[in-house]
2 protein chains.
Amino acid sequence: MRIAQVAPLIESVPPVRYGGTERVVSYLTEALVAQGHDVTLFASGDSVTTADLVSVIDRALRLHPRRVDAQVWHTLQLEEVFERAASFDIIHFHVDVAHYPLASRCKTPHLTTLHGRLDLPDLMPLHARFPREPLVSISDAQRVPLPDANWAGTVHHGLPLDLYQFHPDPQDYFAFVGRISPEKRVDRAIEIAIACNTRLRIGAKVDPADQVYFEQHIRPLFGHPLVTYEGEIDDRQKNDFIGNARALLFPIDWPEPFGLVAIEAMACGVPVVAYRHGAVPEIVSHAQTGYVVSNQQQAIDAARRVDRIDRRRCRRHFERRFSSATMAATYVELYRRLIGTGTAPAPFCAESSLHSQSASTQEEEPA
Amino acid sequence: MRIAQVAPLIESVPPVRYGGTERVVSYLTEALVAQGHDVTLFASGDSVTTADLVSVIDRALRLHPRRVDAQVWHTLQLEEVFERAASFDIIHFHVDVAHYPLASRCKTPHLTTLHGRLDLPDLMPLHARFPREPLVSISDAQRVPLPDANWAGTVHHGLPLDLYQFHPDPQDYFAFVGRISPEKRVDRAIEIAIACNTRLRIGAKVDPADQVYFEQHIRPLFGHPLVTYEGEIDDRQKNDFIGNARALLFPIDWPEPFGLVAIEAMACGVPVVAYRHGAVPEIVSHAQTGYVVSNQQQAIDAARRVDRIDRRRCRRHFERRFSSATMAATYVELYRRLIGTGTAPAPFCAESSLHSQSASTQEEEPA
């Protein structure tokens, strides 16, 4: 299948450091190539891939040495994609929403994976205006605020099998990995660890936007002897940082659309103690790969008995449900369905007579 | 003629306070309606116009009571424009560049007025990729950095004749109006005024980005007894603020693409002492409507003899060259030329066979 993957230009694919969307696009792209597909990746020129790379700019925008106008480069990327649209069987967008007016007028089947939270007020009128754009959610929970959009399916994120190694024998600490921000609630993680009299290692970055919150609410808590703050950790460090933990604490306080770190833990064989928000119940199987809790008392109880979870079972669950090969296969199934259905483009410009004819022809096919 | 004007959504049309592009779009729209055209204005819902207003959002983005996602609303506006494209004879964009991929595939004749500075490195590759998009510059000077773009013409900004009144009898002060920022060089204006022993009244806002510059470099200069800082002034105040001045000082230090305040002064009959940068030589007729200078000594000499300029002549020059009726008539001429030429859309998506056929048919017509 001739597949186009369209990635954001903010970070390279894969990203040098943080960049959840770009990481997932990378895993998906490599898995599709491995499964024999003819994949073209639209991404920044410093991306690394076995697919055909098409870049409108040499470096990712966030770390570009000169000040760049993001809108210009995203516009150029869309131009590049749509100029080549006829050469693909399917175009898969991971780039927010600016492509909708073009995509909706394009006959090449396409879909858009929405990677962010969808409970933002502007997204309702937007998707009401593009009711036929095929969308993919990264969890069922994510799509709740937009029930009427044209959901083609939910595809959970997946990781390469060899990215993280199984760690059968934990050391005596809990791990917290992510950003220090109000919705991630590292303060809860600290409280849980102290209640369990267990060391907490924190591998987390602080975004500029969260600096005040960090200084006022979090840094004082780092004084406790059980708490170690180790700054931002990279993918390589993460393997042992998470893998050697007795559990990953994930006490979030917001509708997390997915939560990659939860499946990273699972890949290491590490159980997760997670609050019931967003995608958590879809990812963490309660009492099997961790515990899904609703308050601090439940979280502390769960963390105390977390050694009852079979780490081997966590890894097996990961391999079955959250590998990038599984993700790619699920997407290919979706691609086939969308190609089979056909995409009837919206009428465009002064060509309305031409288009409405071809559109109505297509509309008679089963939608 | 059925004309669409597509304005930015950041400010209303006309803007409540600052917003050069939105002001010009308003003047143009009203003048086109007055000349009997059927005009549709795409702008925020709090815009005020005699044209048909099409709004995707109730209020302008900058002053919107809730936090809004600008990309969503600009995307929705483009969808609205292109859905209705077939019902216009011409579509006139004033909205930066994100519409190029759509516009280049649209058969309805269209053009884009670029309102900003063009000496930014990203604009070269962008316009190289869209070599056939018809562009309008707001001065000949503005287009120098992009010589190879598809320039349809230069159209200077214009103001309604009754917006500013002729002020025959000046009071004894110079005026400075604009932003306090390094490229506007209010420090030069202060030096000129002091050298002429003439009062300087400053009506200017300070953007957050220029706050440090203002505090460190400019505020100390305001201590001089000849200098009065009166904050930001609105359109109504401007009439007398500029009109009663002996001269407007415009000692800019950057390639100003137009400089609306220079024609506002001219409309009041006020001569302008301006540095030779950007559009200045196209707007200020040396020794007739003011003086075009290259250094402080020339500026001071010019300011000293500025009463030799005939204020009535300034006003007449404005009425002949810089009225919104003149601007509208010049644009209509351009519209007619573009409609006559026809627009051959770029190939789009899987319809390439269809499109390339119709495109080549059109390409045989005189380009």
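Residues numbered from 1 in each chain as written. Chains lettered and ligands numbered in written order. Predicted model: local features only at pLDDT ≥ 70, side-chain atom pairs only at ≥ 80, totals over all residues. Heavy atoms only, no water.

A. Representation of the packing of aromatic side chains. Considering all chains together, one arrives at 16 aromatic pairs over all chains under this definition. Members of the aromatic cluster, each reached through a chain of ring pairs, are A:F214, A:F222 and A:Y229. In this structure, A:R305 packs its charged tip against the face of A:Y291, placed 4.6 Å from the ring centre. Taking the ring centre of B:Y275 as reference, the NZ or CZ of B:R188 above it sits at 4.0 Å. (Phe/Tyr/Trp six-rings, centres within 6.5 Å; stacked < 30°, edge-to-face > 60°. Lys NZ or Arg CZ within 6 Å of the ring centre and 35° of its normal.)

B. Highlighting unusual backbone geometry. Of the consecutive residues A:V13 and A:P14, the connecting peptide bond is found in the cis state with omega at -5°. Its location among the elements puts A:P14 in the loop between β1 (2-6) and α1 (20-34). Of note, the phi angle at B:R185 is positive, near 55°, even though the residue is not glycine. You can see B:R185 is positioned in the loop between β8 (173-179) and α5 (186-195). (Helix = DSSP H or I, 4+ residues; strand = E, 2+ residues; numbered from the N terminus.)

C. Highlighting the interface of chain B and chain A. Each partner contributes residues to the interface: chain B has 40 residues there, and chain A has 40 residues. Carbon and sulfur atoms supply 61% of the area that chain B and chain A bury against each other, a total of about 3,600 Å² over both sides. Applying the counting rule to chain B against chain A returns 8 salt bridges. Close ionic contact of B:R105 with A:E79 constitutes a salt bridge, the shortest N to O distance being 2.9 Å. Examining the composition of the side of chain B that touches chain A, we find that 9 residues originate from one element, helix α2 (residues 70-83) of chain B, more than from any other. (Contact = heavy atoms within 4.5 Å. Buried area = accessible area lost by both parts, 1.4 Å probe. Salt bridge = Lys/Arg side-chain N within 4 Å of Asp/Glu carboxyl O.)

D. Spatial organisation of the sheet that holds strand β9 (residues 199-205) of chain B. All names here are of chain B. Judged by pairing direction, the sheet is parallel, and its 6 strands sit side by side in the order β10-β9-β8-β11-β12-β13 without closing on themselves. Both outer strands of the open sheet, β10 (227-229) and β13 (290-293), are each paired with one neighbouring strand and no more. Neighbour-to-neighbour, the strand axes of the sheet open up by a mean angle of 20°, direction not taken into account. As paired elements, β8 and β9 share 7 bridges and run parallel to each other. In the strand pairing of β9, Y173 is matched with R199. The sheet contacts of helix α10 (residues 296-304) involve β8, β12 (272-275) and β13, and relative to β12 the element is tilted by about 175°. (Pairing = 2+ DSSP bridges. Axes fitted to C-alpha atoms, helices over the stretch in contact; angles between N-to-C directions.)

What is shown is where atoms sit, not what they do.
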